[in-house]
Amino acid sequence: MRVITSAHGFSDALEAERAVGRRVGLVPTMGALHAGHRSLVTRAAAECDVVAVTVFVNPLQFDKADDLARYPRDLDGDVLQAAEAGATIVFAPPVHEMYPGFPAPVATSVHVEAVGDVLEGASRPGHFDGVATVVAKLCSLAGRSRVYFGEKDFQQLAVVRRMATDLSLPVDIVACPTVREDDGLALSSRNVRLGPPDRAAAVALSRALDAGAALVEVGQRDPALVGAAMEAVLQATDGVSPDYAVAVDAATLASPAVLAGAVRLLVAATVGPVRLIDNVGLVVVGADELHSPTATSAVGVS
Ligand code: AMP
């Protein structure tokens, strides 16, 4: 395992791999790796000849100073986990390597309109500018590669896809399914900050998604009613403060008049000291009527 801390060193290392014909896979993370991150590395290792994991707690994407200060960090553990899952390079730059002059404001940043402005973008101003900026920089350093992201952060995936297309970055963005605990809670680095009562309450997010999906499955096609049902599950759980619960078009993240085609259910809530997000995908076929499942209606869940 090579641990690289300089931006040029990282860029040179991946250039050298490509020069001998190896396909490069990149897994951007903020560290505190868990089985969700490892699933991305394993997939990258199966599809590429060399896998680099980046570990960088990006200050630009935090809208709250205490969230940044409390973000878990464990580089030694990350290096071990990345190696076990099949990576051979870890890029762990100090902040000044990515943002010379930090904390002076970064003059050049990336803003992705529309898909980056709603939901998380509305609740956490500047968050996706930080995400898009750091991912653009990492992709630019890495060069031609396949870059792996989790559907756990579905809106982030949409933002990164749009950014990569609009900026003609030489990368393929690859989406990987969400890894969950046995009770349904999506794995997240922030989960370590949940005490036992909060950990029990946090399962409300995946339960809310299950309730929303079940409603669509029996024929509900009104996004407002599906959202309200999910919100009710969150509201009913002590210790959970809902932020949003929506059923949207999976491509645009906009709310359609009627749920049809690729749909995404997304929820966000604060549980104890932590803000959590989760989502699930549905494919709705036979979407022409509300409240009336027909023989041709079908719902697939991903
Ligand atoms: P983070 O370190 O939280 O920025 O996440 C780094 C990458 O891992 C992102 O692409 C996330 O979507 C992905 N990821 C985080 N948690 C999970 C999970 N439970 N399942 C799958 N991917 C995940």
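**Remarks on helix 7 (residues 127-142)**
Under the 1.5 Å per step criterion, the end-to-end length of helix 7 is 23 Å for 16 residues, consistent within 8% with the ideal 22 Å. Of all 16 residues in helix 7, 13 are buried, a share of seventy percent or more.

**Topic: the packing of helix 7 against helix 8 (residues 154-166)**
Across the interface, helix 7 lies against helix 8 with an axial gap of 10 Å and an inter-helix angle of 50°. One way to sum up the angle between helix 7 and helix 8 is to call them oblique. Like other packed secondary-structure pairs, helix 7 and helix 8 cross with a definite hand, here right-handed. When helix 7 is examined against helix 8, the residues F128, V131, A132, V135 and A136 are found in contact with a partner set consisting of Q155, Q156, V159, V160 and M163. Considered class by class, the residues forming the contact of helix 7 with helix 8 number eight nonpolar, two polar and no charged.

**Things to note about unusual backbone geometry**
Glycine aside, a negative phi is what most residues show, and trans is what most peptide bonds show. Note that the residue after F102, namely P103, is joined by a cis bond; omega there is 15°. The residue P103 is located in the loop between helix 5 (95-98) and helix 6 (120-123) in this model. Non-glycine residue A114 carries a positive phi angle of around 65°. Looking at the secondary structure, you find A114 in the loop between helix 5 and helix 6. What makes A114 exposed here is its relative accessible area of 52%. Phi is positive for L253, which is not a glycine, with a value near 65°. You can see L253 is positioned in the loop between strand 7 (240-249) and strand 8 (261-271). Taking the relative accessible area as the measure of exposure, L253 reaches 4% and is therefore buried.

**Brief notes about the site of the ligand**
If you check the shell around the ligand, you find 17 residues, and the closest are M30, G150, D153, V179 and L187. Between the ligand and the protein, one listed contact pairs a nitrogen atom with a backbone N or O atom of V179 at 2.9 Å. About the coverage of the ligand: the protein hides 93% of its 490 Å² of free accessible area. Those elements that place two or more of their residues in the shell around the ligand are strand 2 (24-29), helix 2 (35-47) and strand 5 (145-150). Looking at the shell around the ligand, the element that brings in the most residues is helix 2, giving three residues.

**Section: the side chain of T54**
Tracing the backbone shows T54 in strand 3 (residues 50-55). Residue classification places T54 among the buried positions, given a relative accessible area of 0%. Setting aside residues no more than four positions away along its own chain, T54 makes contact with F10, L26, V27, P28, T29, F91 and L138.

**Overview of the environment of R162**
Here R162 lies in helix 8. For R162, a relative accessible area of 47% puts it in the partly exposed group. C-alpha of R162 to C-alpha of I277: the two residues are 115 residues apart in sequence and 21 Å apart in space. Those residues in contact with R162 that sit more than four places away from it in its chain are V112 and V115.

**Remarks on the domain arrangement of the protein**
What the domain assignment lists for the protein is domain 1 (2-176) and domain 2 (189-301). Facing the 21 residues of domain 1 at the interface are 16 residues of domain 2. Here domain 1 packs against domain 2, burying approximately 1,600 Å² in sum over the two surfaces, 54% of which is carbon and sulfur. Per-residue buried area on domain 1 facing domain 2 is highest for L119, E120 and F154; these three make up 36% of the total on that side.

**Details of a nonpolar patch on the surface**
Together, M1, V3 and L75 line one region of the surface with nonpolar side chains, adding up to about 240 Å² of accessible area. Examined against the element boundaries, M1 turns out to sit in the segment before strand 1 (2-4). A residue is classified by how much of its surface remains accessible, and M1, at 42% relative accessible area, is partly exposed.

**A few points about the pairing of strand 8**
Here is the key point about a regular strand: its side chains alternate between the two faces of the sheet. In terms of residue burial, strand 8 counts as a mostly covered element, since eight of its eleven residues are buried. Bridging between strand 7 and strand 8 involves nine bridges; their strand directions are antiparallel. Looking across to strand 8, one finds that S241 is bridged to T270. Here strand 8 runs beside strand 9 (residues 274-285); their pairing, made up of eleven bridges, is antiparallel. Residue A268 lies in a different strand from strand 9, and its bridge partner there is I277. Hairpin remark: strand 8 followed by strand 9, antiparallel, with two residues in the connecting loop; positive phi at G272, about 55°.

Cut-offs and rules
Residues numbered from 1 in each chain as written. Predicted model: local features only at pLDDT ≥ 70, side-chain atom pairs only at ≥ 80, totals over all residues. Heavy atoms only, no water. Helix = DSSP H or I, 4+ residues; strand = E, 2+ residues; numbered from the N terminus. Expected span 1.5 Å × (residues − 1). Buried < 20%, exposed > 50% of the residue type's maximum accessible area, 1.4 Å probe, protein only. Axes fitted to C-alpha atoms, helices over the stretch in contact; angles between N-to-C directions. Parallel < 35°, antiparallel > 145°, perpendicular 65-115°, else oblique. Left-handed = near helix turned anticlockwise from the far one by under 90°. Contact = heavy atoms within 4.5 Å. Nonpolar A, V, L, I, M, F, W, Y, C, P; charged D, E, K, R; others polar. Near = heavy atom within 4 Å. Polar contact = N/O pair within 3.5 Å; in protein donor to acceptor, adjacent residues only side chain to side chain. Areas by Shrake-Rupley, 256 points an atom, 1.4 Å probe, with all protein chains shown as cover. Domains from an automatic or database assignment. Buried area = accessible area lost by both parts, 1.4 Å probe. Patch = residues over 30% accessible without salt bridge, like charges linked within 9 Å, V, L, I, M, F, W, Y side chains within 5 Å. Salt bridge = Lys/Arg side-chain N within 4 Å of Asp/Glu carboxyl O. Pairing = 2+ DSSP bridges.

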